[in-house]
Amino acid sequence: MDNTIGLVILLAFPIAVVITAIRLSVRWTGGWRMAAVLPLVAIVGDLLFSYFAGVVNPAAHHLWPFELMTVTAICTVFLIAASSLRRATLEKERREGPPPA
């Protein structure tokens, strides 16, 4: 329990990215919603993998904080790129009008 502040700092970034991904998945529609859900799958999947790997062999998976930060950073870049691409696409549609049916 002597490193509680370190654990809070370690989990603050992934929690912020998860909250952002949830908010975007609620706001966005169509394929953009799936793009917002993918980071959730990646972060939760990494946490579940780290947890179960630790249960099976406690000494085998001790680098999970670095793994979590790497996955979270990649998810953050992905969300920023998806948001930028979505904004550019919506502005282009607004200028040109809806696509022909």
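### Section: the packing of aromatic side chains
Next up, step 1: The final tally for this structure, using the stated rule, is two aromatic pairs.
Next up, step 2: Pairing Trp28 with Trp32 gives two aromatic rings, centres 6.3 Å apart and planes at 75°, and the pair type is edge-to-face.
Next up, step 3: Since its relative accessible area comes to 3%, Trp28 is described here as buried.

### Let's talk about helix H2 (residues 31-56)
Next up, step 1: For H2, built from 26 residues, the straight-helix expectation of 38 Å at 1.5 Å per residue is met to within 8% by its first-to-last C-alpha distance of 37 Å.
Next up, step 2: For H2, the set of buried residues is Ala35, Ala36, Pro39, Leu40, Ile43, Asp46, Ser50 and Ala53.
Next up, step 3: Looking at the buried residues of H2, the elements they touch are helix H1 (4-27) and helix H3 (64-96).

### Focus: the side chain of Asp46
Next up, step 1: Considering the arrangement of structural elements, one finds Asp46 in helix H2.
Next up, step 2: This buried residue, Asp46, is left without a salt bridge; Arg23 holds the nearest opposite charge, at 23 Å.
Next up, step 3: Ignoring anything within four residues of it in the chain, the contact list for Asp46 reads Glu67, Leu68 and Val71.

### Re the confidence of the model for the protein chain
Next up, step 1: Taken as a whole, the protein chain shows an average pLDDT of 90; of its residues, 96% reach a score of 70 or greater.
Next up, step 2: No element of the protein chain has a lower mean pLDDT than H1, which averages 91, and none a higher one than H3, which averages 94.

### Some points on the packing of H2 against H3
When two helices pack together, their arrangement is given by the angle between their axes and by how far apart the axes lie.
Next up, step 1: Running from N to C, H2 and H3 cross one another at 180°; their axes reach a closest spacing of 9 Å. One way to sum up the angle between H2 and H3 is to call them roughly antiparallel. Contact residues: Trp32, Ala35, Ala36, Leu38, Pro39, Ala42, Ile43, Asp46, Leu47, Phe49 and Ser50 in H2; Trp64, Glu67, Leu68, Val71, Thr72, Cys75, Phe78, Leu79, Ala82, Leu85, Arg86 and Thr89 in H3.
Next up, step 2: Across the contact of H2 with H3, the residue classes break down as 17 nonpolar, three polar and three charged.

### Things to note about the side chain of Ser25
Next up, step 1: Mapping Ser25 onto the fold places it in helix H1.
Next up, step 2: For Ser25, a relative accessible area of 11% puts it in the buried group.
Next up, step 3: Separated by 2.8 Å, the side chain of Ser25 and the backbone oxygen of Ile22 make a polar contact.
Next up, step 4: Apart from residues no more than four positions distant in its own chain, Ser25 is found in contact with Arg33, Ala36 and Val37.

### A few points about the nonpolar core
Next up, step 1: Counting residues in each nonpolar core, the largest one holds 12 residues, listed as Val17, Ala21, Leu24, Trp28, Ala35, Ala36, Leu40, Ile43, Leu68, Cys75, Leu79 and Ala82.
Next up, step 2: Among the secondary structure elements, those contributing two or more residues to this core are H1, H2 and H3.

Each value, and the rule that gives it
Sequence order as written defines residue numbering, which begins from 1 separately in each chain. pLDDT decides what is reported in this predicted model: residues at 70 or higher carry local features, side-chain atom pairs at 80 or more are listed and counted, and totals for whole chains, interfaces and linings draw on all residues regardless. As a rule here, side-chain values cover all heavy atoms of the structure and leave hydrogens and water aside. The pairing test for Phe, Tyr and Trp rings, Trp by its six-membered ring, is centres within 6.5 Å, and the orientation test on the planes gives stacked under 30 degrees, edge-to-face over 60, and tilted for anything in between. The buried label applies to any residue whose accessible area, calculated with a 1.4 Å probe on protein chains only, is under 20% of its type's maximum; exposed applies above 50%, and partly exposed to all values in between. Strands are runs of DSSP state E lasting at least 2 residues, helices are runs of H or I lasting at least 4, and numbering of each runs from the N terminus. Helix span, as expected, comes to 1.5 Å for every residue beyond the first. Two residues qualify as a contact provided that any one of their heavy atoms is within 4.5 Å of a heavy atom in the partner residue. When charges are counted, Lys and Arg contribute as positive and Asp and Glu as negative, whereas His and the chain ends are disregarded. What makes a salt bridge here is a side-chain nitrogen of Lys or Arg within 4 Å of a carboxyl oxygen of Asp or Glu, nothing more. Known as pLDDT, the predictor's confidence for each residue is given on a scale from 0 to 100. Each axis is a line fitted through C-alpha atoms, and for a helix only the stretch in contact is used; angles between axes span 0 to 180 degrees, taken between their N-to-C directions. The labels follow the angle: roughly parallel below 35 degrees, roughly antiparallel above 145, roughly perpendicular from 65 to 115, and oblique for the rest. Any residue that is not Ala, Val, Leu, Ile, Met, Phe, Trp, Tyr, Cys, Pro, Asp, Glu, Lys or Arg is counted as polar, Gly included; the first ten are nonpolar and the last four charged. In the analysis that follows, any N or O atom pair within 3.5 Å is treated as a polar contact, provided that within protein one partner can donate a hydrogen and the other can accept it, and provided that, for residues neighboring in sequence, both atoms belong to side chains. Joining through side-chain atoms within 4.5 Å is the link that ties buried Ala, Val, Leu, Ile, Met, Phe, Trp, Tyr and Cys residues into a set, and such a set is a nonpolar core.

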